[in-house]
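# Chain and residue survey
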Amino acid sequence: MLPLVFISAVVLVAGLFYKYIIYPACISPFSKVPRAHFSVPFASLWIRRKRPEGTNAIQTLLAAHKKHGPIVRLSPDELSVASLDGLRQIYTGGFEKAQEYEDEFMNYGIPNLVSMLQSKPHSVQKRMISNVYSKSSIQNSADLRTFSKVLLFESLFPPLQSAAQEDAAVDVYGLSQALGSDFITAFLFGIDNCSNFIRDVPARRKFMANYWAKKDGVDVKRATDELEAHVLSLCRAAETLSGNSPISRPVVHAQLSSQLFKSSISPQQKELVVASEMLDHILASIDTTTVTMTYLKWELSRNPGLQSALRKELLNLSSPLVYTPNASQGERRLPDPKELDSLPLLNAVLKEVLRVYPPTPALLDRVTPPGGAVIEGYAIPGGIRVGTSAKVMHLNEKVFSDAGSFVPERWLSDGKEESVNRIKEMNRWFWAFGCGGRMCIGNHFATHMLKSITAAIYTNYETTIVDDEGIEQEDAFLAGPVGRKLVLKFRSVNDAN
Ligand code: HEM
């Protein structure tokens, strides 16, 4: 009897040893993928240790790719990929989003573009609104032009001018959050319903307190309820506004509402679908544009020569964005959006900020399809999490020389074949907005807004650093400066002011 029990136990242990140790480590095709650590085929302990408190282990990913190349295994069921072929396959090849997107980004319990896991319903909803975010719509939008003028000339310039005159310091991180919110809410709901956070600092603080609570996982339910109630009220105001003749129309709200009008869902459901999408755009917009604006101002403030060169370029526009406090409405001009977009140095500065400080530097996780896939020559089973990090793509020394340094000039072409080809190659690796069907819908809006704000500030002011403690970028999904502040001084460069 005893030998039988003993033999059974030995067979069981041997079977388990084979299943959990020998097969995953030596025999499965998946075992051939380079490992970030010897333990990764058996357990996720190693990578979990590298990600305390929800961080993303970005430095670990960088080191692993440097050592092992374009594909690295991080745990029994997780891979990191950093190659052009890998990108194409994962993000344009029908891999669905990982579950976390649904868990973290759903609003009102209703899916939206960021949180939808399945590509079919996602592409139906995306098609309903993508035309208002296209490059040509953004550059030709009369509404965008109207509210940009109001936000820049009536909201932004007066406090900057006072700060410059009084030699007062400005926290541009907080100001960037306000700009990010006012611009996107004006586009979603019309200028009459936008957040007005540039001027209304207490309202900004209240909103941002809820925003941080949600992001930091503190008192999440209350913060989420308040944010959702706030956005629902903006949606209702936009609905009322659509019937009148507003200063600027609620472009995105009106577009999605009219598209859903054709569908068979109930009015109550429709209201929540629209609100979920609007809140999604607000949350997707504020942090990303704030991070970009903050690092852009920081880099320019560290480099007065670059500021002067940029100002020279901006003053060469046919209609430069000059602020004269007593100018009449008619004298307030914005540059032509296409001309602004074509400025080489402005473009190079923005691109380099997004390359060195991508606002979403973490792995954007997808899941291999049920039948599995071959990635970088390795057979990967179905159901494996696989992602790419913009930071890892952007710090590839073979593509970007001295990759960790901020060098906007790398994006400037001298017209010769070598530089044209080099920039083409860098553009293929530039991944701040993602790619494929789930690429950022707001990329043209963000680019236009960021260029307009940069033009407004650096045509008229010189900035210097007062306090940049904590400027290092967080290791987070949405990654801003750890100190959540950047304090600058503004000096007016316009003699007439
Ligand atoms: C510098 C600014 C921005 C950056 C760097 C950025 C980056 C990104 C990235 C990397 C993704 C892809 C996420 C993934 O695949 O998992 C994304 C998606 C998205 N972004 Fe942005 N974003 C920016 C601004 C904005 C703005 C202004 C909006 C406002 C509409 C916006 C709305 C969205 C939405 C709705 C999605 C989901 C798109 C989809 O799944 O179809 N983003 N963004």
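What counts, and at which threshold
Residues numbered from 1 in each chain as written. Predicted model: local features only at pLDDT ≥ 70, side-chain atom pairs only at ≥ 80, totals over all residues. Heavy atoms only, no water. Helix = DSSP H or I, 4+ residues; strand = E, 2+ residues; numbered from the N terminus. Rg over C-alpha atoms; globule rule 2.2 N^0.38 Å. Contact = heavy atoms within 4.5 Å. Areas by Shrake-Rupley, 256 points an atom, 1.4 Å probe, with all protein chains shown as cover. Lys, Arg positive; Asp, Glu negative; His and termini not counted. Charge placed at Lys NZ, Arg CZ, Asp CG, Glu CD. Pairing = 2+ DSSP bridges. Axes fitted to C-alpha atoms, helices over the stretch in contact; angles between N-to-C directions. Salt bridge = Lys/Arg side-chain N within 4 Å of Asp/Glu carboxyl O. Buried < 20%, exposed > 50% of the residue type's maximum accessible area, 1.4 Å probe, protein only. Near = heavy atom within 4 Å. Polar contact = N/O pair within 3.5 Å; in protein donor to acceptor, adjacent residues only side chain to side chain. Nonpolar A, V, L, I, M, F, W, Y, C, P; charged D, E, K, R; others polar.

## Examining the overall build of the chain
Secondary structure summary: the chain contains 19 helices and 10 strands in total. Relative to its length of 497 residues, the chain is compact, with a C-alpha radius of gyration of 25 Å against a globular reference of 23 Å. Taken along the three principal axes of its C-alpha coordinates, the chain extends 100 × 55 × 40 Å. Considering only residue pairs separated by 6 or more positions, the chain has 72% of its internal contacts joining residues 24 or more positions apart. With an accessible surface of roughly 22,200 Å², the chain has 57% of that area assigned to carbon and sulfur atoms. When the 54 positive and 51 negative side-chain charges of the chain are each reduced to one mean point, those points stand 5 Å apart.

## Focus on the sheet that holds strand β4 (residues 169-171)
Judged by pairing direction, the sheet is antiparallel, and its 3 strands sit side by side in the order β4-β10-β9 without closing on themselves. Each edge of the open sheet carries a strand with a single partner, namely β4 and β9 (461-467). Taking each pair of neighbouring strands and ignoring which way they run, the sheet shows an average axis angle of 40 degrees. In the sheet, β4 pairs with strand β10 (residues 487-492) via 3 bridges, with the strands oriented antiparallel. The partner of A169 across the bridge, within β10, is K489. Relative to the sheet, helix α8 (residues 142-166) contacts β4, β9 and β10, its axis offset from that of β10 by approximately 90 degrees.

## Overview of the pattern of salt bridges
Note on pairing: side chains with opposite charge can pair once their charged atoms come close. Within this structure, the stated rule accounts for 24 salt bridges. Here R249 ties to D143 by a salt bridge, and the two come within 2.9 Å at their closest N and O atoms. Taken together, the residues R249 in the loop between α11 (220-243) and α12 (251-261) and D143 in helix α8 connect sequence positions 106 residues apart. Residue classification places R249 among the partly exposed residues on the basis of a relative accessible area of 46%.

## Looking at the site of the ligand
Lining the immediate surroundings of the ligand are 30 residues, of which Y101, H122, K126, R366 and C440 lie closest. At 2.5 Å, a side-chain N or O of Y101 approaches an oxygen atom of the ligand. Within the backbone of L113, an N or O atom sits 3.2 Å from an oxygen atom of the ligand. Those elements that provide at least two residues to the shell around the ligand are α6 (119-129), α13 (267-301) and α19 (443-460). For the shell around the ligand, the element with the most residues is α13, which contributes 6 residues. Residues belonging to the shell around the ligand are distributed by class as follows: 16 nonpolar, 9 polar and 5 charged.

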